[in-house]
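Survey of secondary and tertiary structure
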Amino acid sequence: MEKLKDIPPLGIYIHVPFCVSKCPYCDFYSIGCAGRSDTREYMDRYTDSVKRELKTFLEKSRTNRVDTVYFGGGTPVLLTDKKIHAITDEIYRLFSVENNAEITMEANPHTALSQQLSSYRSAGINRLSFGLQSANDDELKLLGRLHSAHEAAQCVKAAQKAGFENISLDLMTALPYQTEEKLLNSVKFCSELNVQHISAYILKVEEGTPFYVNDVQAICPDEDRQAQLYLYIVQALKEHGYEQYEISNFASNKKYRARHNVKYWNCDEYIGIGPSAHSFFNGRRMYYPRDLKLFIDGTSPTDDGEGGGWEEYLMLRLRLSDGLDFDALRQLGAEQSDIDRIIKKAQPMQKAGFLKLENDNISLTPEGFLISNSIIAELLF
Amino acid sequence: MSDIRKNIRNFCIIAHIDHGKSTLADRILELTSTVAQRDMEDQLLDNMDIERERGITIKARAVNLDYKAKDGEIYHFNLIDTPGHVDFNYEVSRSLAACEGAVLVVDASQGIEAQTLANTYLAVEHDLEIVPVINKVDLPSADPERVCHEIEDIIGIPALDAPRVSAKSGLNIEEVLERIVSDIPAPKGDENAPLKALIFDSYYDSYKGVVAYVRVMDGTVKAGSKIRMMATGAEFTVVEVGFMGPTNLIPAASLAAGQVGYITASIKTVRDTTVGDTITDVDNPAAEPLAGYRKATPMVFSGVYPVDGAKYPDLRDALEKLQLNDASLSFEPETSIALGFGFRCGFLGLLHMEIIQERLEREFNLDLITTAPSVVYKITLTNGEELMIDNPTNYPDPALIDSAEEPFVKASIMTPASFIGNIMELCQDRRGVYVDTKYLDADRVEIHYELPLNEIVYDFFDALKSRTKGYASFDYELIGYRPSKLVKLDILLNGDIVDALSFIVHADKAYPRARKMAEKLKENIPRQMFEVPIQAAIGGKVIARETVKAMRKDVLAKCYGGDITRKKKLLEKQKEGKKRMRQLGTVEVPQDAFMSVLKLD
């Protein structure tokens with residue numbers, strides 16, 4: 001089947017649903033493996049299933065070009081480098097992966113990782129995203145993380161030594177008892193390690209997690225304080241050379257923005273494989289059930305309707321500091337009356353400093369990001 | 001013909017809520033074999049769902065029954081059910097006017113209550129023969145001796161040999177029927193005199209048009225008679241006359257003096273058959289109508305709005321349909337900036353208001369917002385003009401007001417003596433003027449207060465109940481207008497007056513009321529993108545102020561792994577939420593917040 005030239009390359013997300021143990025705040029789909037004897041077997045069958053699904057997607061795809069791959073989870077390194085290789089090999093075999101493709105893997109910054117780093121590089125992985133969360137050991141302990149700040153630093157340095165030139169660290173804000181000093185300490189830590197990219201997420205206590213059950217919310221900073229801490233870290237990161245480009249993402253240089261993740265916010269198409277993974281493929285949104293067995297058994301993704309409309313584009317693009325051009329909305333089918341309404345509604349928000357309206361473009365400020373749900377709802381409805 | 005009248009007994013039953021009126025009526029229906037056992041539905045006379053649930057009678061109903069007495073003769077009973085609540089006082093008085101006697105049902109443990117007393121006095125005023133009955137004698141707490149004495153002391157009628165019954169179990173019901181035969185006089189009247197028939201109730205039937213329930217005082221009426229309503233002047237030709245069976249209408253050849261029955265005449269609206277009006281014959285008219293006709297005057301007003309603006313026509317249709325059956329309900333269109341299109345509705349009282357609202361919601365499936373109830377104020381302007389104001393929106397500029405008056409009621413509260421202090425505190429707080437306290441017996445008293453109607457339309461009854469552990473009963477009658485210091489209180493959100501929240505209040509009550517209102521709004525308005533100042537003001541002067549702080553955080557920080565679904569769901573939820581919002585100027589107030597402020601206290 002002939003592939004059309006003007007179809008943009010795809011991103012591929014591989015969701016690896018295995019963890020040593022579940023972190024108490026995390027509600028992503030994964031299975032704690034500690035103390036389970038059948039893990040190896042499941043990992044084998046999981047890997048085979050990923051290969052199977054890659055093929056299935058390719059058969060229906062209008063392009064075989066790929067420019068980003070992302071291993072997320074879960075804890076992808078638990079699969080072992082052999083299976084990671086098996087998956088990347090299959091991707092290279094089936095798809096035409098561009099030369100400068102961004103291939104990311106999430107990892108926990110343990111020292112144990114160090115030995116496998118060169119093997120990951122040979123699998124083509126050129127970007128690492130470490131779940132640091134904090135450079136303060138008391139906060140790491142509270143989050144149930146298995147590493148210390150010192151260990152994390154060693155790990156990052158080892159990665160750099162192994163040749164990784166694009167490293168991202170995750171931080172969390174709005175943790176219990178968090179102060180500006182603690183945040184600054186974490187920011188300095190990242191900056192001193194010269195990493196290229198930082199994600200800073202506001203902790204959300206999700207239903208069903210141990211944090212939720214133990215009502216950690218009660219000791220978390222309140223709404224006003226969360227806002228203060230968020231604005232503080234945005235500013236601190238800026239001062240340390242990390243420019244904000246998305247609600248929770250910061251890069252030392254434009255070229256280090258997470259290209260794979262930007263696809264999500266730019267309404268580009270991507271394939272997501274693994275239980276709970278989402279795809280935007282051939283104009284449809286879909287996702288696999290949150291169930292490893294069903295995934296292994298070959299259950300196809302659940303359709304979640306058409307994607308890529310102008311409302312969806314607006315909702316996603318406003319996550320980016322670049323915001324969106326009204327021309328793009330027009331091309332996606334927005335009427336001039338829609339645009340006029342959006343502008344009218346945006347004006348008082350601009351006055352209040354929540355957004356910028358200029359040159360037929362609309363973009364949110366950090367203050368605006370903080371209440372972006374309300375802003376988007378107000379602009380759309 | 002006089003033989004027919006000799007065996008007719010027209011009577012009603014007077015009882016307090018829960019004292020067993022409907023159950024007694026059911027037992028009488030059973031014993032007179034009017035209704036086969038299998039057709040018996042509990043509390044047959046109460047036709048409407050709400051009546052059954054609340055155990056109250058909203059509109060009078062009547063039924064014709066035949067009873068074979070111990071003297072071997074057949075008696076024709078006309079049981080006329082009366083509304084038990086003070087809101088329907090006038091309707092009660094018309095029902096009483098159709099009777100020669102009243103069965104007074106008193107609960108053997110609870111004794112006489114305020115409403116019972118009010119209605120009994122009304123019955124005595126109408127020269128009705130009172131047949132006291134002590135009900136619920138089978139309850140462990142029953143004290144029939146004490147209750148008998150109470151009846152004798154308070155009402156002043158002999159009650160020592162009153163039948164002691166249990167309507168529930170059927171005990172001694174026959175004795176009640178025999179009393180009705182022996183004690184209540186047969187109706188008088190002259191079937192050859194010009195027609196005079198009293199309308200005591202009417203309802204709209206989609207096939208027959210209005211069905212008017214009448215008591216013929218003089219003369220005879222039959223199908224083909226040309227009749228005139230003496231108060232309204234409307235004329236009709238009678239299509240059908242007959243008697244009211246418990247489950248259906250039974251057509252008859254004619255209705256004559258002394259009889260109770262129905263008339264249909266292709267009448268389109270109940271407004272042509274107002275309760276209390278006199279029907280006469282066009283060709284042989286009566287010289288004078290029966291005494292006591294009065295137009296129903298609404299006492300309490302409230303704005304009624306559909307939650308969904310698109311349902312405005314449905315609300316209008318529903319109100320029109322209800323009005324077919326309820327001439328005392330008045331409504332006219334009104335517009336609110338906050339609430340859109342709706343109606344200003346007038347009600348006989350608070351209960352009437354609640355019932356209409358409930359029926360609109362239940363029978364017509366409407367979601368409603370109602371504004372705080374208002375009474376009718378009399379305002380005299382400096383130029384001498386007199387205005388009746390039932391809507392705060394129409395309250396004139398204070399500079400133009402010379403004087404203001406508000407309606408007062410005489411309230412009578414019956415209570416165990418131990419609650420006197422609590423009740424006086426409540427009435428004092430409601431600007432009440434103490435009249436007197438009467439001891440009914442060692443530990444039951446009747447307290448009289450004069451109170452502004454305005455002070456009882458909100459929550460007086462609830463407050464009374466909670467301060468007396470539910471023991472006190474309460475009744476009131478309008479006693480006229482009195483000078484008052486009134487002010488109009490406006491609520492401003494973000495500097496804009498929310499018209500639907502304005503209300504008229506006594507100057508001394510303005511400050512606490514304003515503070516409470518502002519606090520409640522603050523509690524109930526969620527933080528928004530911008531700070532929302534809440535102000536309560538009289539004229540231009542702000543007397544209370546609160547602020548809803550601006551929202552600081554509403555963000556899905558992690559939109560990740562391509563999971564757009566979650567974000568979309570959130571947005572969908574916000575869209576739904578917005579639908580339930582009321583846009584008040586620049587401020588969005590959730591429906592619930594709005595309602596909770598209206599239901600202040």
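Residues numbered from 1 in each chain as written. Chains lettered and ligands numbered in written order. Predicted model: local features only at pLDDT ≥ 70, side-chain atom pairs only at ≥ 80, totals over all residues. Heavy atoms only, no water.

**Digging into the interface of chain A and chain B**
- Counting residues at the interface gives 45 residues for chain A, matched by 28 residues for chain B.
- Buried area between chain A and chain B, both sides added, is near 3600 Å², and the carbon and sulfur share of it is 57%.
- Of all residues in chain A, Glu-223, Asn-373 and Phe-381 of chain A bury the most surface against chain B, accounting for 19% of the area lost on that side.
- Here Asp-224 of chain A makes a salt bridge to Arg-527 of chain B, at a shortest N to O gap of 2.8 Å.
- Here chain A and chain B share 18 residue pairs in polar contact (both at pLDDT 80 or more) between them. (Contact = heavy atoms within 4.5 Å. Buried area = accessible area lost by both parts, 1.4 Å probe. Salt bridge = Lys/Arg side-chain N within 4 Å of Asp/Glu carboxyl O. Polar contact = N/O pair within 3.5 Å; in protein donor to acceptor, adjacent residues only side chain to side chain.)

**Points about the state of the cysteines**
- A full pass over the atoms with the stated rule returns 0 disulfides over all chains.
- Just so you know, Cys-19 of chain A is unpaired, no disulfide at all, and the nearest cysteine sulfur is the one on Cys-26 of chain A, 6.4 Å from it. (Disulfide = S-S within 2.5 Å.)

**Re the sheet that holds strand 17 (residues 361-364) of chain A**
All names here are of chain A.
- A sheet is described by the order of its strands in space; here 3 strands give the open sequence 15-17-16, paired in antiparallel fashion. With partners counted over all chains shown, the strands left at the sheet margins are strand 15 (324-325) and strand 16 (355-358), one partner each.
- Pairing between strand 16 and strand 17: 4 bridges, direction antiparallel. In the strand pairing of strand 17, Glu-358 is matched with Asn-361.
- The strands touched by helix 13 (residues 336-351) are strand 16 and strand 17; relative to strand 16, the strand with the most contacts, the crossing angle is about 125 degrees. (Pairing = 2+ DSSP bridges. Helix = DSSP H or I, 4+ residues; strand = E, 2+ residues; numbered from the N terminus. Axes fitted to C-alpha atoms, helices over the stretch in contact; angles between N-to-C directions.)

**Re the sheet that holds strand 4 (residues 101-107) of chain B**
Residue and element names in this part refer to chain B.
- On the basis of which strands lie adjacent, the open sheet formed by 5 strands has the order 2-3-1-4-5 and mixed pairing. Every interior strand has two partners, whereas the edge strands, strand 2 (62-68) and strand 5 (129-135), have only one. Averaged over all pairs of adjacent strands, the angle between strand axes in this sheet comes to 30 degrees, irrespective of strand direction.
- Alignment of strand 1 (residues 8-15) against strand 3 (residues 74-80), held across 5 bridges, turns out to be parallel. Bridged to Arg-9 within strand 3 is Phe-77.

**A few points about the domain arrangement of chain A**
All names here are of chain A.
- For chain A, the assigned domains read domain 1 (4-264) and domain 2 (320-381).
- Each of domain 1 and domain 2 has a C-alpha centre, and these two points are 30 Å apart.
- Each side of the interface is counted separately: domain 1 has 10 residues, and domain 2 has 8 residues.
- Per-residue buried area on domain 1 facing domain 2 is highest for Leu-231, Gln-244 and Ile-247; these three make up 43% of the total on that side.
- Remark: the boundary between domain 1 and domain 2 carries 1 salt bridge.
- Note that Asp-322 and Arg-257 form a salt bridge whose closest N and O atoms lie 3.2 Å from each other.
- Where domain 1 touches domain 2, the interface holds 3 residue pairs in polar contact (both at pLDDT 80 or more).
- At the level of elements, helix 8 (223-239) and strand 9 (243-246) are the ones that each hand at least two residues to the side of domain 1 that touches domain 2. (Domains from an automatic or database assignment.)

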